[in-house]
Amino acid sequence: MLKKLIAASTLALLTTASYAADKTLTISVYAFAQDDFKEILYKPFEEKCGCKLVVETGNSVERLAKMEANKANPVVDMAVVSMADALQASRAGLIEKIDTSKLSNFDKLYDIAKDPNKDGMSVGYTFYATSIVYRTDKMKIESWADLLKPEYAPHIAFPNVTTNQGPTALYMLEKSLGHNEADLKNAIAAVGEKSDDIVTFYVKSSQLVQLMQQEEIWAAPIGRFSWAPFTKLDLPLGWATPKEGQTGGMNVMVVAKDSKNRDLALEFMDFWLSTEIQTKIAEKLVDSPANKEVKVSDEVANNITYGEETAKSLQLIPSDVVLDNRDTWLKEWNAKIGQ
């Protein structure tokens, strides 16, 4: 009898261990800051859930292509992508609605992050502001249109339309010119008229720090994640708050359609959105928090997109506008400004 009890107990333990080993969640994420994510997010979650995380990294195009190729039998359970990529994935039938009732931290999110595409298919976990870094001793920026003033244009770097910051800056410039056309033709035409004056149409924001240090430029639209290196320059620099507002971008979480680990994916998403994890990620300057309960020091806050006032001020380009118009933007840009 004792031998039977021992055998039964051993079998139960082996079955439990086997279940834990088989409990695997595959996530698809951006490649940056993976050491920080492993320390702050991945390992603590594995310990909490008694499961294994398989982390796949790459750019959005590669990762969405893989999801498309495996649509009939998903190999990814959840992914983080941009708002526009989430809508593209939704249109392609690659993701499903998120049961937010299973996310205990959902109500802690800023409103802007709760349902970014207004379709219930994604939840924002981080966002960033895009505005204008500028020399406060050389110029005054009250509107996005100020960038194109005759006295300022020869000291401006403007993002190329092929970058993440290009369409967002043009979107706000369009508003500042009194228009709201999805094809951004008015903004592109206005930039085109000043293209010979503008110092450069940059592709990488890293080149701007040197241009600013050498005083070749006085201002440029940038994402807040690029702001920190500018604060280290011995120059009077400011972050503009134009009357039209700031723009920016948001990254979101999605669940693969027909995922066999839907509940575990939601558990992981909820863990990521918790105040504790979002705070630790923000303090490492990895991502700005979408959780409004996160509190950080002034030093950290100055280097990320932070706070309810900032969240409310962001004028994000609707994802359908991005997907339906980006080919037109590129065509207009090449016609008015060139490659």
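Residues numbered from 1 in each chain as written. Predicted model: local features only at pLDDT ≥ 70, side-chain atom pairs only at ≥ 80, totals over all residues. Heavy atoms only, no water.

### A look at the domain arrangement of the chain
Taken domain by domain, the chain consists of domain 1 (24–127 + 249–306) and domain 2 (129–247 + 319–337). Using C-alpha coordinates to define each centre, domain 1 is positioned 29 Å away from domain 2. In this complex, domain 1 contributes 11 residues to the contact, which on the side of domain 2 involves 11 residues. For the pairing of domain 1 and domain 2, the buried interface totals around 940 Å² over both sides, and the portion due to carbon and sulfur atoms is 44%. Counting the contacts that link domain 1 with domain 2 gives 1 salt bridge. With a shortest N-O distance of 3.1 Å, Arg91 and Asp324 are connected by a salt bridge. Connecting domain 1 to domain 2 are 9 residue pairs in polar contact (both at pLDDT 80 or more). In terms of residues, the side of domain 1 that touches domain 2 owes the most to one element, helix α4 (residues 83–91), which gives 5 residues. Residues of the side of domain 1 that touches domain 2, tallied by class, amount to 5 nonpolar, 5 polar and 1 charged. (Domains from an automatic or database assignment. Contact = heavy atoms within 4.5 Å. Buried area = accessible area lost by both parts, 1.4 Å probe. Salt bridge = Lys/Arg side-chain N within 4 Å of Asp/Glu carboxyl O. Polar contact = N/O pair within 3.5 Å; in protein donor to acceptor, adjacent residues only side chain to side chain. Helix = DSSP H or I, 4+ residues; strand = E, 2+ residues; numbered from the N terminus. Nonpolar A, V, L, I, M, F, W, Y, C, P; charged D, E, K, R; others polar.)

### Brief notes about the packing of aromatic side chains
In this description, a pair of aromatic rings is defined by centroid distance and the angle of the planes. Scanning the model with the defined rule gives 11 aromatic pairs in all. Look at Phe37 and Trp272: their rings are 5.6 Å apart centre to centre, the planes differ by 65 degrees, and that puts the pair in the edge-to-face class. Taken together, the residues Phe37 in helix α2 (residues 34–49) and Trp272 in helix α10 (residues 262–272) connect sequence positions 235 residues apart. Across the pair, Trp272 and Phe37 agree in class, each one buried. Ring centres of Phe201 and Trp333 lie 5.4 Å apart, and the angle between their planes is 85 degrees; this geometry places the pair in the edge-to-face category. Of this pair, Phe201 sits in strand β7 (residues 200–202) while Trp333 is found in helix α14 (residues 319–336), placing the two residues 132 residues apart along the sequence. A relative accessible area of 1% places Trp333 in the buried class. The side chain of Arg63 reaches across the aromatic face of Tyr30, ending 4.7 Å from its centre. (Phe/Tyr/Trp six-rings, centres within 6.5 Å; stacked < 30°, edge-to-face > 60°. Buried < 20%, exposed > 50% of the residue type's maximum accessible area, 1.4 Å probe, protein only. Lys NZ or Arg CZ within 6 Å of the ring centre and 35° of its normal.)

### With respect to unusual backbone geometry
With a phi angle near 55 degrees, Ala33 is a residue other than glycine that sits in the positive phi range. By the secondary structure assignment, Ala33 is in the loop between β1 (24–29) and α2. Assessed through its relative accessible area of 25%, Ala33 is described here as partly exposed. Within the chain, Leu184 stands out as a residue other than glycine whose phi angle is a positive 55 degrees.

### A few points about the pairing of strand β8 (residues 219–223)
Of all 5 residues in β8, 5 are buried; the element is thus mostly enclosed. Direction of pairing for strand β5 (residues 123–135) relative to β8: antiparallel, over a ladder of 5 bridges. In the strand pairing of β8, Tyr134 is matched with Ala219. (Pairing = 2+ DSSP bridges.)

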